[in-house]
Amino acid sequence: VASPTDLLKIRAQAATGPAESLAAHARQIAAGPATPWPLNFYRGVSATIARASCLGATKMATYDQCKTQLRSSCGWRDDVPRERYALQGAAAVATGLAITIATSPATNARTFIMSSPPGRFSGLGAALAHIVRERGV
């Protein structure tokens, strides 16, 4: 479900000129080179999967570790509501930052793949190599 909706969103955002409806973008995507036509909606799925994997792994590793570290260094406890909310909020902010950093390469590659003409990038690796070559690290 995520890949087709991401593709439509990215195509609509990348479009220049007069505004087109999402239905018009969907017709353009469906008319792409893949057969059967529904496969055209899964361009960039490898980057979407890589991003989701990075996101899940980072979230699982970071949130609990941040809470443990904050309990230790700040003395915050879960049984005191004010401290619990501060603990959860600080851990969530730190986790959000870590997720943003970890998923950024895959997010950028996904955007490049989905907004480019079909066949321009052979996959996630090709898109990442293009980004590094053209824009640097």
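The structure under discussion appears in the preceding block.
So, a few notes on the structure that sits alongside this text. Since this is a predicted model, take the numbers as computed values, not measurements. (Residues numbered from 1 in each chain as written. Predicted model: local features only at pLDDT ≥ 70, side-chain atom pairs only at ≥ 80, totals over all residues. Heavy atoms only, no water.)

**Things to note about the overall build of the protein chain**
Put simply, the test is: Secondary structure follows DSSP: runs of H or I at least 4 residues long count as helices, runs of E at least 2 residues long count as strands, and numbering of each begins at the N terminus. The globule rule is 2.2 Å times the number of residues to the power 0.38, and the radius of gyration it is compared with is taken over C-alpha atoms. Each residue is assigned to one of three classes by its accessible area relative to the maximum for its type, calculated with a 1.4 Å probe on protein chains only: buried under 20%, partly exposed between the two thresholds, exposed over 50%. The contact definition used throughout considers only heavy atoms, calling two residues in contact when any of these lie within 4.5 Å. The sign given to each residue is positive for Lys and Arg and negative for Asp and Glu; His and the chain ends receive no count. A single reference atom marks each charge: NZ on Lys, CZ on Arg, CG on Asp, CD on Glu.
Looking only at helices and strands, the protein chain has five helices and zero strands in total. In terms of overall dimensions, the protein chain is more spread out than a globule: its C-alpha atoms have a radius of gyration of 20 Å, far above the 14 Å expected for 137 residues. Here the C-alpha coordinates of the protein chain stretch approximately 60 × 35 × 30 Å along the principal axes. Taking all 137 residues of the protein chain together, the buried fraction comes to 28%. Counting only contacts in the protein chain whose residues sit at least 6 apart along the sequence, the fraction spanning at least 24 positions is 55%. Looking at the protein chain, you have 15 positive and 7 negative side-chain charges, and the mean spots of the two groups are 7 Å apart.

**Structural notes on the packing of aromatic side chains**
Formally: A pair of Phe, Tyr and Trp rings is counted when the ring centres sit within 6.5 Å of each other, with Trp represented by its six-membered ring. The angle between the planes then sorts it: under 30 degrees is stacked, over 60 is edge-to-face, the rest tilted. Placement of a positive charge over a ring is assigned whenever Lys NZ or Arg CZ falls within 6 Å of the ring centre and within 35 degrees of the normal to the ring plane.
This model, assessed by the stated rule, comprises two aromatic pairs. Between W37 and F41, the aromatic rings sit 6.1 Å apart at their centres with planes inclined by 75°, giving edge-to-face as the arrangement. On the basis of relative accessibility, which here comes to 12%, the residue F41 falls in the buried class. Residues F112 and F121 carry aromatic rings whose centres are separated by 6.4 Å and whose planes lie at 65° to one another, so their mutual orientation is edge-to-face. A cation over an aromatic ring shows up here: R84 above the ring of Y85, its NZ or CZ 5.1 Å from the ring centre.

**Some words on the environment of R110**
The criterion, for reference: Counting of polar contacts relies on pairs of N or O atoms within 3.5 Å, with two restrictions inside protein: one atom must be capable of donating a hydrogen and the other of accepting it, and residues adjacent in sequence are counted only when both atoms are side-chain atoms.
For R110, the location among the structural elements is in helix α4 (residues 81-115). Taking C-alpha positions, R110 is 19 Å from L22, a pair spaced 88 residues apart along the chain. Beyond its immediate sequence surroundings of up to four residues, R110 is in contact with D6, I10, G44, A47, T48 and R51. Of note is the side chain of R110, whose polar atom sits 2.9 Å from the side chain of D6.

**A few points about the pattern of salt bridges**
Condition: Between Lys or Arg on one side and Asp or Glu on the other, a salt bridge is scored when a side-chain nitrogen of the former is within 4 Å of a carboxyl oxygen of the latter.
What the rule picks out here adds up to three salt bridges. Salt-bridge contacts for R110 lead to D6; the nearest nitrogen and oxygen are separated by 2.9 Å. Here D6 lies in helix α1 (residues 2-14) and R110 lies in helix α4, a separation of 104 residues in the sequence. R110 gets classed as buried once you look at its relative accessible area, which sits at 8%. According to the relative accessible area criterion, D6 is buried, its value standing at 13%. Where R71 meets D78, a salt bridge forms, and the shortest distance between an N and an O atom there is 2.6 Å.

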